[in-house]
Amino acid sequence: MDELIIKIQNDPVLMLAAAIGVVILLFVVLVVVVAAMRIRTYKHRFINVDIDNREKEQTIASLQAEVDALRKDNTKQASQLEAFAKTRATLEETQAMLDTLRKEFTDLQSLQKQTRTELENVTRQLSQLQEEYASYRLQMESTIEENNKLRVNNARLLMKLESEERFAQQLKQRQEGEGS
């Protein structure tokens, strides 16, 4: 090989051809090295992009799962909100009815107090009237007894009077019969 190098050094055409060959070889090596570096760079980029895409897909899948869970939770909460709204409306109606019932209860209590007072007054009046009735009844019974006695006396006196009148008529008739 040393001979070949000495031969090329002595011959300028061969040296030019060797120099062109070396330049072409360097150019080819340079193109191959640049291509290899680009391929390596693109390969790393591809791997990084692939890893990023997988991570993004996982993130998207987890976010999608969270979105689905949130939708379900949102649906659940919406139904609970509707139930709450219905319960609230029912509570408001019940509260209104309770207020009305309390007012009616208060009115009925005052009416009960008035009625109780009136009942006590009427009960007192009844007691007084019963006492008066008992006393009047005793008076009536004594008056009836006295009336019966007086009737009996009146009947006796009437009978005596009638018998006296008859006796007086008979006597008058006898006197007229004797006087005629």
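Refer to the structure printed above.
Overview of the structure. (Residues numbered from 1 in each chain as written. Predicted model: local features only at pLDDT ≥ 70, side-chain atom pairs only at ≥ 80, totals over all residues. Heavy atoms only, no water.)

1. Re the overall build of the chain
- A tally of regular secondary structure across the chain gives two helices and zero strands.
- Principal-axis analysis of the C-alpha atoms places the extent of the chain at approximately 235 × 30 × 20 Å.
- Across the 180 residues in the chain, those meeting the buried criterion constitute 0%.
- Just so you have it, the chain exposes about 17,200 Å², and 61% of that area is on carbon and sulfur atoms.
- Each charge class in the chain can be summarised by its mean position, and for the 25 positive and 28 negative side chains these summaries are 2 Å apart. (Helix = DSSP H or I, 4+ residues; strand = E, 2+ residues; numbered from the N terminus. Buried < 20%, exposed > 50% of the residue type's maximum accessible area, 1.4 Å probe, protein only. Areas by Shrake-Rupley, 256 points an atom, 1.4 Å probe, with all protein chains shown as cover. Lys, Arg positive; Asp, Glu negative; His and termini not counted. Charge placed at Lys NZ, Arg CZ, Asp CG, Glu CD.)

2. Side note on the pattern of salt bridges
- Following the criterion strictly, the structure yields three salt bridges and no others.
- The partner of Asp 50 in a salt bridge is Arg 54, and the shortest N-O contact between them spans 2.6 Å. Of this pair, Asp 50 and Arg 54 both sit in helix H2 (residues 12-179), four residues apart, which is roughly one turn of that helix.
- Notably, a salt bridge pairs Glu 141 with Arg 137, separated by 3.6 Å at the nearest N-O pair. With Glu 141 and Arg 137 both in helix H2, this residue pair falls four residues apart, about one helical turn.
- For Glu 141, a relative accessible area of 35% translates into the label partly exposed.
- A relative accessible area of 43% places Arg 137 in the partly exposed class. (Salt bridge = Lys/Arg side-chain N within 4 Å of Asp/Glu carboxyl O.)

3. A short note on a nonpolar patch on the surface
- Together, Leu 16, Ile 20, Ile 24, Phe 27, Val 28, Val 31 and Val 32 give the surface a local cluster of nonpolar side chains, amounting to about 650 Å² of exposed area.
- Within the secondary structure, Val 32 is located in helix H2. (Patch = residues over 30% accessible without salt bridge, like charges linked within 9 Å, V, L, I, M, F, W, Y side chains within 5 Å.)

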